[in-house]
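Coordinates in review
Single-letter residue listing:
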Amino acid sequence: MASTRGLRRHRRSWQILTVSWALAYPTPLTTKAATGNSHAVDLTALDRLPGLPRISRADVAAFLLDAAVEGSWSRRTAVLTAGR
């Protein structure tokens, strides 16, 4: 019975490890309409943010939906700003 319990625990651990995720840190949010012009930078590649960029909530939602469907940001952290 102990080996069966260990196998179940191992399977649960594997399921947790294979979960796809994406984390987004938006710059200050606005309530403006989506522009479709957002810019995502990998957190590990970010040196600084010039000025005080903003992004609409709708553009953040669009990014998150695309990231979930396409998987292009799987297991990565993005900093989101309005397009360049």
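Here's what I pulled together on the structure shown here.

This part covers a nonpolar patch on the surface. There is a patch of nonpolar side chains on the surface, built from W21, L23, Y25 and L43 and spanning about 380 Å² of accessible area. For W21, the location among the structural elements is in the loop between α1 (2-17) and β1 (22-26).

A separate point is the nonpolar core. One finds A24, I55, V60, F63, A67, W73, A78 and L80 forming the largest nonpolar core, which totals 8 residues. Among the secondary structure elements, those contributing two or more residues to this core are α2 (57-70) and β5 (76-82).

Within the secondary structure, D59 is located in helix α2. No salt bridge forms around the buried D59; measuring N to O, its nearest opposite-charge neighbour K32 is 10 Å away. Once residues lying within four places of it in the same chain are set aside, the contact partners of D59 are A34, T35, G36, N37 and S38.

What follows concerns the sheet that holds β1. Taken in spatial order, the 3 strands line up as β1-β5-β3 in an open sheet, and their pairing is mixed. Each edge of the sheet is formed by a strand with only one pairing partner; in this case those strands are β1 and β3 (38-42). Neighbouring strand axes in the sheet, compared pairwise and without regard to direction, differ in orientation by 30° on average. Bridge analysis of β3 against β5 gives 5 bridges, and the strand direction is antiparallel. Across the sheet, the residue bridging to S38 is A82, located in β5. Set on the sheet, α2 makes contact with β1, β3 and β5; between it and β1 the angle comes to about 165°.

For the rest of this paragraph, the subject is the pairing of β5. Of all 7 residues in β5, 5 are buried, a share of seventy percent or more. Inspection of the sheet shows β1 paired to β5 by 5 bridges, in the parallel sense. Bridge pairing in β5 links L23 to T77.

Conventions we followed
In this numbering scheme, every chain counts its residues from 1 along its sequence in written order. The predicted nature of this model means local features are confined to residues of pLDDT at least 70 and side-chain atom pairs, given and counted, to a pLDDT of 80 or more, with totals for whole chains, interfaces and linings taken over all residues. Excluding hydrogens and water, the side-chain values take into account all heavy atoms of the structure. Residues enter a patch when their relative accessible area is above 30% and they make no salt bridge; the linking distance is 9 Å between like charges and 5 Å between nonpolar side chains (Val, Leu, Ile, Met, Phe, Trp, Tyr). All accessible areas in this document rest on Shrake-Rupley with a 1.4 Å probe, and a residue is counted as covered only by the protein chains that are shown. The working definition used for a salt bridge is a side-chain nitrogen of Lys or Arg within 4 Å of a carboxyl oxygen of Asp or Glu. Helix and strand definitions follow DSSP, with helices as H or I runs of at least four residues and strands as E runs of at least two, each counted in order from the N terminus. Among buried residues, those of type Ala, Val, Leu, Ile, Met, Phe, Trp, Tyr and Cys that are joined through side-chain atoms within 4.5 Å constitute a nonpolar core. For every residue, the accessible area obtained with a 1.4 Å probe (protein chains only) is divided by the maximum for its type, and the residue is called buried under 20%, exposed over 50%, and partly exposed between those limits. Positive charge is attributed to Lys and Arg, negative charge to Asp and Glu, and no charge count is given to His or to the chain ends. Every residue pair with non-hydrogen atoms within 4.5 Å of one another is taken to be in contact. For two strands to pair, DSSP has to find at least two bridges joining them. Between the N-to-C directions of two axes lies an angle of 0 to 180 degrees, each axis being a line fitted to C-alpha atoms and, for a helix, fitted only over the stretch in contact.

By themselves these figures say nothing about function.
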